[in-house]
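Spelled out from the first residue to the last, the chains are:
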Amino acid sequence: MNTLITTLKSLCGDANVLTHDDPGVDLSAWEQDWRKRVKGRALAVVRPGSTSEVAAVVKACAACGTAIVPQGGNTGLVVGGVPDDTGTQVVLSMTRMNAVRAIDPANLTITVEAGCVLQNLQAAADNAGFLFPLSLGAEGSCTIGGNLGTNAGGTQVVRYGNTRELCLGLEVVNAQGEVWNGLTGLRKDNTGYDLRNLMIGSEGTLGIITAATMKLYPQPAAQLTAWAAVPSMEAAVQLLGLAHQALGPGLTGFEVMGQFALSLVDKHYPQLRVPLFKETPWCVLLENSDSENEAHARAQFETLLETALEQGCVSDAVVAENLSQAHGLWHIRESITMAQAEEGLNIKHDISIPVSRIPAFVAETDALLAREIPGVRMVDFGHLGDGNLHYNVQAPEGADGQAFLRDWEERVNTLVFDQVMRHHGSISAEHGVGELKVDKLPLYKDPTALAMMRAVKQALDPQNLLNPGRVLG
Ligand SMILES: Cc1cc2nc3c(=O)[nH]c(=O)nc-3n(C[C@H](O)[C@H](O)[C@H](O)COP(=O)(O)OP(=O)(O)OC[C@H]3O[C@@H](n4cnc5c(N)ncnc54)[C@H](O)[C@@H]3O)c2cc1C
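Residues numbered from 1 in each chain as written. Predicted model: local features only at pLDDT ≥ 70, side-chain atom pairs only at ≥ 80, totals over all residues. Heavy atoms only, no water.

J.: Describe the sheet that holds strand E10 (residues 208–215), and please don't skip the residues or the numbers.
T.: Strand order in the open sheet formed by five strands is E5-E6-E10-E8-E9, with antiparallel pairing between adjacent strands. Every interior strand has two partners, whereas the edge strands, strand E5 (100–104) and strand E9 (179–182), have only one. Put simply, the sheet's adjacent strands are angled 15° from each other on average, direction ignored. The pairing of strand E8 (residues 167–173) with E9 spans four bridges and is antiparallel. Along E9, the bridge assignment pairs Val172 with Trp180. Along the sheet, helix H3 (residues 51–63) makes contact with E5, E8, E9 and E10, crossing E8 at roughly 50°. Lying over the sheet, helix H4 (residues 118–127) contacts E5 and strand E6 (109–113), oriented at roughly 145° with respect to E6. (Pairing = 2+ DSSP bridges. Helix = DSSP H or I, 4+ residues; strand = E, 2+ residues; numbered from the N terminus. Axes fitted to C-alpha atoms, helices over the stretch in contact; angles between N-to-C directions. Contact = heavy atoms within 4.5 Å.)

J.: So what's going on with the site of the ligand? Residues and values would help.
T.: In the vicinity of the ligand, 34 residues are found, and the nearest of them are Pro70, Gly72, Thr75, Gly76 and Thr143. Note that an oxygen atom of the ligand is positioned 2.7 Å from one of the backbone N or O atoms of Gly72. A distance of 3.2 Å is found between an oxygen atom of the ligand and a side-chain nitrogen or oxygen belonging to Asn467. In isolation the ligand has 980 Å² of accessible area, and contact with the protein removes 96% of it. Top contributing element to the shell around the ligand by residue count: helix H5 (residues 144–150), with four residues. Of the residues belonging to the shell around the ligand, the class tally is eleven nonpolar, 21 polar and two charged. (Near = heavy atom within 4 Å. Polar contact = N/O pair within 3.5 Å; in protein donor to acceptor, adjacent residues only side chain to side chain. Areas by Shrake-Rupley, 256 points an atom, 1.4 Å probe, with all protein chains shown as cover. Nonpolar A, V, L, I, M, F, W, Y, C, P; charged D, E, K, R; others polar.)

J.: Tell me about the packing of aromatic side chains, residues and numbers included.
T.: All told, the structure shown has three aromatic pairs when counted by the stated rule. Geometrically, the ring pair formed by Tyr160 and Tyr217 is edge-to-face, given 4.8 Å between the ring centres and 65° between the ring planes. One end of the pair, Tyr160, is in helix H6 (residues 157–160); the other, Tyr217, is in strand E11 (residues 217–218), with 57 residues separating them in the sequence. Pair check on accessibility: Tyr160 and Tyr217 agree, each one buried. Each ring, one from Phe417 and one from Tyr444, has its centre 5.6 Å from the other, and the planes form 70°; the classification is edge-to-face. (Phe/Tyr/Trp six-rings, centres within 6.5 Å; stacked < 30°, edge-to-face > 60°. Buried < 20%, exposed > 50% of the residue type's maximum accessible area, 1.4 Å probe, protein only.)

J.: Report on the sheet that holds strand E3 (residues 68–71), specifying residues and quantitative values.
T.: Strands sit in the order E1-E2-E4-E3 across an open sheet of four strands; the sheet is mixed. Both edges of this open sheet fall to strand E1 (17–18) and E3, since each of them pairs with a single strand only. Two elements, strand E2 (residues 42–46) and strand E4 (residues 89–93), share four bridges in a ladder whose sense is parallel. Note that in E4 the partner of Ala44 across the bridge is Val90. Packed on one face of the sheet, helix H1 (residues 3–12) meets E1, E2 and E4 and runs near 5° to E2. Packed onto the sheet, H3 meets E2, E3 and E4 and runs at close to 175° relative to E4.

J.: Please set out the side chain of Asn467 residue by residue, giving values where relevant.
T.: Positionally, Asn467 belongs in the segment after helix H17 (447–460). Polar contacts involving the side chain of Asn467 include one to the main-chain carbonyl oxygen of Glu203, which spans 2.9 Å. Within the local environment of Asn467, its side chain forms a polar contact with the side chain of Arg470, the two groups lying 2.9 Å apart.

J.: Now, about a nonpolar patch on the surface: what can you tell me, with residues and values included?
T.: Side chains of Tyr193, Leu195 and Leu198 sit close together on the surface and give an oily, nonpolar patch of about 360 Å² of accessible area. Here Leu195 shows up in helix H8 (residues 195–199). (Patch = residues over 30% accessible without salt bridge, like charges linked within 9 Å, V, L, I, M, F, W, Y side chains within 5 Å. Salt bridge = Lys/Arg side-chain N within 4 Å of Asp/Glu carboxyl O.)

J.: Report on the pairing of E4, specifying residues and quantitative values.
T.: Within E4, five of the five residues are buried, which leaves it mostly tucked inside the rest of the structure. Across the two faces of E4 the burial is the same, with Gln89, Val91 and Ser93 and Val90 and Leu92 all buried. In this sheet, E4 lies alongside E3 in parallel orientation, the contact comprising four bridges. Bridging from a neighbouring strand, Ile68 pairs with Val90 of E4.

Distances and angles like these do not, on their own, reveal function.
See the structure below:
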């Protein structure tokens, strides 16, 4: 047997080191990305149970020059957490490290291990009487380590920020297998370079996050959800402005959904009963989290929607009567990703643009695409509150999805990303770079920034052992 495998088994226990040579073991769950775009082959999948085990595994791999691919829930959308196809990389699966280490109610913090599933972290906060606001469609499977690795966004960014804004401290194993204990829980610490923020969003290329101290918030006294039909993207942006004014910090969600995206939910999940979408090009989902009470929240919503109807930026609206109706509306929004997967392959873009420029971006880019590919269908939806669109391009009705991707992906990406640059946006808003956008970064990222990123990588991981080929290529 490979001596590294023997060492890893002695460090983590035989049952926690899986290889293709083990009878009856199927590694595909760790080797295949969520979107099924890439299937790699791992030398081994290692599942450490503690920070000291992670450190020992990294040291053992570094000693023989073996690359490590950190993995959490493997729900990432840019092929960042699966091994390449050489059969030489170790997948470091963090899911056994899932404990809640501490809750500090006075400091409003929770400290958890990196493999803690986001939903379990939310539940732990809830049980302690607090809110942990990070929320996304994959929350039942993704881990906080993966959320930090990708600086995940989700549906509450308009109020609480990305995962970065929710994190106060990290514990990290570096590329040399040393442990940095940065679990301070401090809101102020100006003692030099911000290593925490360097690690967040580095997609496993600079260090392995083993634990994190995250912020907690008071639970809102009431949470209301509304669904509004809007006549145009300009109207959606106008509504966002009104909602900021009327709700202030109570505005915790503002999602936009295009008619075709909603028609896919209606087609594939008719039981979800999508409201108001048939007669309008766009719908908006708004959430109001109120610190007073439900009556106050409802009154605020009613005033907002009346003003919006008067100003013509809303043509119709419904406010959920209770929590179950609110969950139903959110479920529709969160089902778009699955509904488009049911419909077939499409060319996905996770982009951000200053909110003020989104209407012009959508109008121009839709027109450019329709001219190039007659009949093309746009699955547009996203977190309009923070300027993030999932601007996905679906083949014309009846076309072969595979052939569409082969013939059009490069051309469509160039067209969309050039437009993103014209409107001062980013080609990756919240999903990261992974392997999928590695060739695009040199084209669309400031060259000085890219050179500084390379210098950081070289300094922290000179052997290029942590997730090689991702982010920087
Ligand atoms: C249905 C669905 C909806 C989604 N919605 C959203 C959304 O709204 N917003 C959003 O931002 N994303 C969304 N995503 C993408 C995905 O869920 C996030 O990127 C999530 O943060 C990934 O977490 P994970 O644990 O699955 O990480 P993985 O997929 O396992 O890994 C992601 C990256 O992080 C690295 N990594 C993982 N764990 C660690 C660690 N402990 N230390 C260092 N690096 C690590 C990996 O190497 C990889 O580069 C969605 C995905 C799905 C499938």
